[in-house]
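# Observations on the three-dimensional arrangement
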Amino acid sequence: MADVAVAKSWRDELASLVEDSGIRFAGDAVEISAPTYSTPAFEEKRSVYESPAIEEVVAEPESFKDQIEGFAKAWGEMLLELMRGCRDVVQQSLLTEESYIVQKTKGPLAEASRRLSVLNEFLPEDRDPVHAWPVIFFVFFLALSALSVNSKQETSGKLVKEVHIHPPSATRILLPDGRHMAYHEIGVPSNKARYSVIAPHGFLSSRLGGIPGVKVSLLEEFGIRLVTYDLPGFGESDPHPERNLNSSALDMQYLADALGVNSKFWVLGYSSGAIHAWAAMKFISDRVAGVAMFSPFINPYESSMTKEETRETWNKWTRKRKLTYYLARRSPKFLDYFYHRTFLSGKHGQIDEYMSLSLGQKDKVLIREPAFEEFWHRDVEESIRQGSTKPFIEEASLQVSNWGFSLVDLQVQEKCSGKGILSWLKFGYGQVRCELTGFLGPVHIWQGLDDQVVPHQMTDYIARILPRVVVHKLPDEGHFSYFFFCDECQRQMFLTIFGSPRGPLEESIEAPTEEDGEQEAANLDLAAE
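Residues numbered from 1 in each chain as written. Predicted model: local features only at pLDDT ≥ 70, side-chain atom pairs only at ≥ 80, totals over all residues. Heavy atoms only, no water.

What the eight strands build is an open sheet, ordered E3-E4-E6-E5-E7-E8-E11-E12; its pairing is mixed. Among the strands making up the open sheet, the edge pair consists of strand E3 (171–174) and strand E12 (470–474). The sheet shows a mean angle of 25 degrees between the axes of neighbouring strands, direction not considered. Sheet topology places strand E5 (residues 195–200) next to strand E7 (residues 265–270); two bridges connect them, and they run parallel. Paired with Ile-198 across the two strands is Val-267, which belongs to E7. (Pairing = 2+ DSSP bridges. Helix = DSSP H or I, 4+ residues; strand = E, 2+ residues; numbered from the N terminus. Axes fitted to C-alpha atoms, helices over the stretch in contact; angles between N-to-C directions.)

Have a look at this one:
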């Protein structure tokens, strides 16, 4: 009984220590009962470890923007994995050495790569062609896309005028090679002309260009016969199969002969039409009495230009104009796309947009005047009459390609016959014959200092190469403002090159030429004998 009492007292003491943990000991068996938490002591102890204030956290609902971003990211990851999988499939199945596609295309691709390897000479030496050419083609594609978008934006929202092709109205002559050339003349008749002036037109122009706005009364006051003509493929002139600047000069000579201009004539070159004036000075200099130029264009790739002259010239042009010059020199066929998108689109546009020009202040005001717009639209309509880009591509290529001569060749120099010590001995005795080479006639150039189309740096280069050229610099004048629709400017030009006006010739017969005078002297000698 004592042992039992002692045992009970031990269990009671243990139970008092654990505060009724739910474990009951009864001999060898162990009973586990459900614990009770009703004792105040346990509740006090539990309250020590519990947080005094526990708030329930409620998740905020996901916004629609977050759902869209998550959806887009998920789709992006899926597409990326899909592309990687497709790439692996293509590389493992189609681009192996044993595949049918590689075996059939390996040879042609290698041959094309060999032929195109010539273009690698244009790349810097430190550039890998495999990486460089894809970048170049990608940038070129982006440039074409940007130009296409800009052209659409520029023409949108404006009143567009349709191009109207007028019925043929030109007088034409037959050239020795069977082609026909259309021409137009105003001023005094041929038998009363004191001066004959032939004016080749520039790019996107025609025989109707001439001297814009010149009055017939002013031409009669100076006795001038002004002849303009359509270049091959322009207006109503037949195209030339192999046109160059030499053939251009010969066409001018044939025209003068067909119109009865037996003596020397003056050549007037405006803007890009000046390249045909340079050609006349080189190839038919014996027929040219003098040259008058307004903002004359020269080849911007001229090798004798200094780096500063070249840089200042190119900096004045828009990026699209630079691109057209580059394509005209390297890949002229690409110009077909640009020309069909602009002046051959069947719709009229402003001259600065069609030709990618940046204009000075006076030019911007002038091109918006009704008289200029009417003249410009009629001239363009006549220029594109034949609807072909070929003559325009030829003209653009002539401007920037090899002319067959340099402006240095036109410089007046003294050339003596004979070489070596024998010629030196003859020179000592005065027996060596020397003659002047180059263009010997007068050359006048009018250049606007605010000209952004043909920058004055080009004229500065001309004056440096050809010191005998007389340059008339025009402050604040642009590319069009001095030459177009300016009566006083045109009068001043005639006064400069022809002197005081003397009117047409009094005789109703054609003026005697130098050949006529020589023939008359020979006849007098025969009569005396």
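Scanning the model with the defined rule gives 20 salt bridges in all. For the salt bridge of Lys-362 with Glu-477, the shortest nitrogen-to-oxygen distance reads 3.1 Å. Taken together, the residues span a long stretch of sequence, with Lys-362 in helix H13 (residues 361–366) and Glu-477 in the loop between E12 and helix H18 (487–498) at a distance of 115 residues. Exposure remark for Glu-477: the relative accessible area of 14% places this residue in the buried category. Put simply, Arg-207, Asp-230, Glu-236, Arg-378, Glu-382 and Arg-385 are held in one network by salt bridges that share partners. (Salt bridge = Lys/Arg side-chain N within 4 Å of Asp/Glu carboxyl O. Buried < 20%, exposed > 50% of the residue type's maximum accessible area, 1.4 Å probe, protein only.)

Turning our attention to the confidence of the model for the protein chain. Of all residues in the protein chain, 73% have pLDDT values of 70 or greater, and the mean over the chain is 81. Within the model, pLDDT remains below 50 along residues 25–55, and this stretch shows 17 contacts once partners closer than five positions in the same chain are excluded. Below a pLDDT of 50 lies the segment residues 508–529, which in the model reaches 10 contacts outside its immediate sequence neighbourhood of four places, other chains included. (pLDDT = per-residue confidence, 0-100. Contact = heavy atoms within 4.5 Å.)

Before going further, it helps to examine unusual backbone geometry. Peptide bonds are mostly trans, and most non-glycine residues show a negative phi. The backbone of Leu-204 shows a phi angle near 55 degrees, a positive value even though the residue is not glycine. Secondary-structure assignment places Leu-204 in the loop between E5 and helix H6 (216–222). Owing to a relative accessible area of 1%, Leu-204 belongs among the buried residues under this scheme. In this model, Ser-356 sits at a positive phi of 55 degrees, which is unusual for a non-glycine residue. Mapped onto the elements, Ser-356 comes out in the loop between helix H12 (351–354) and H13.

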